[in-house]
Amino acid sequence: MNNFLKSLMAIALAAFVFTGCVEDPCDTLECGLNGIPTESADGSTCACECINGFDGDACDVLATGKFIGNWDAADDCQAGYLNYQSLIDPFDGQQEQVEIFNFGNLGELLAWTANVSSDTIILPLSSDTNNDFQVLGMGIISTDRNTINWNYTITDNLGGADSCAGVWTRVQ
């Protein structure tokens, strides 16, 4: 019986030593205040899972930041081609929203609020202040952050709709 207990203790000690020495890949990963270190399913790697509004390897980049700036727009619409400039600005300090001016060449004074999530910008169905137009669309920014590919629809107050696909290029 003594040998049995000694063997059992030796096995338990060996299991503890071998499993206790496994290195956690998340131990050295810094995600700051805006992310959580998350281990892969197999436990071999770790990456930061960012809270909404942030991205980057350490979750230290505002997701809206990549969209902010002046853009040359070239939109191919059912009604014809549109070439114009648009401005994307921060929206009242919101970390997940921006304002787009002159969207669809509808006027530089009209501001449309869009939501940003990672590399996607979403323009929810919304009307301008005079209810002359409604817009609905979505864009995806390129990995180099210099172009946005848009798909959107503009509807006028008479119900006429125009679907467009656009490529916006960052003005340097």
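Let me sum up the structure you'll find in this document. (Residues numbered from 1 in each chain as written. Predicted model: local features only at pLDDT ≥ 70, side-chain atom pairs only at ≥ 80, totals over all residues. Heavy atoms only, no water.)

1. Describing the pairing of strand 8 (residues 111-117)
Then step 1. Across the two faces of strand 8 the burial differs, with Trp112, Ala114 and Val116 buried and Ala111, Thr113, Asn115 and Ser117 not buried at all.
Then step 2. Note that strand 7 (residues 97-101) and strand 8 share five bridges and pair antiparallel. In the strand pairing of strand 8, Val98 is matched with Ala114.
Then step 3. Here three bridges tie strand 8 to strand 9 (residues 120-127), and the two strands are oriented antiparallel to one another. (Buried < 20%, exposed > 50% of the residue type's maximum accessible area, 1.4 Å probe, protein only. Helix = DSSP H or I, 4+ residues; strand = E, 2+ residues; numbered from the N terminus. Pairing = 2+ DSSP bridges.)

2. Some points on the packing of aromatic side chains
Then step 1. The full count for this structure, using the stated rule, is five aromatic pairs.
Then step 2. Centroid distance Trp150 to Trp168: 5.1 Å. Interplanar angle 45 degrees. Geometry classified as tilted. Taken together, the positions of Trp150 in strand 11 (residues 147-156) and Trp168 in strand 12 (residues 161-170) put the pair 18 residues apart, joining distant regions of the chain. Pair check on accessibility: Trp150 and Trp168 agree, each one buried.
Then step 3. Among the aromatic residues, ring-to-ring pairing joins Tyr84, Phe103, Trp150, Tyr152 and Trp168 into one connected group. (Phe/Tyr/Trp six-rings, centres within 6.5 Å; stacked < 30°, edge-to-face > 60°.)

3. Here's the deal with the nonpolar core
Then step 1. Ile88, Ile100, Phe103, Ile121, Ile148 and Trp168 are the most contacted members of the largest nonpolar core, which totals 24 residues.
Then step 2. If you list the elements that add at least two residues to this core, you get strand 5 (69-77), strand 6 (80-90), strand 7, strand 8, strand 9, strand 10 (133-141), strand 11 and strand 12.
Then step 3. The element that contributes the greatest number of residues to this core is strand 11, accounting for four residues.
Then step 4. Other than its neighbours up to four places away in sequence, Phe103 contacts Tyr84, Ser86, Trp112, Leu123, Val135, Trp150, Tyr152 and Trp168. (Core = buried A, V, L, I, M, F, W, Y, C linked by side-chain atoms within 4.5 Å. Contact = heavy atoms within 4.5 Å.)

4. Description of the state of the cysteines
Then step 1. Summed over all chains, the structure comprises four disulfides.
Then step 2. The disulfide partner of Cys31 is Cys48, and the S-S distance across this bridge is 2.0 Å. An S-S torsion of about -95 degrees defines the bridge between Cys31 and Cys48 as left-handed. In this pair, Cys31 is assigned in the loop between helix 1 (2-20) and strand 1 (35-39) and Cys48 in strand 2 (residues 46-50), connecting sequence segments 17 residues apart. (Disulfide = S-S within 2.5 Å.)

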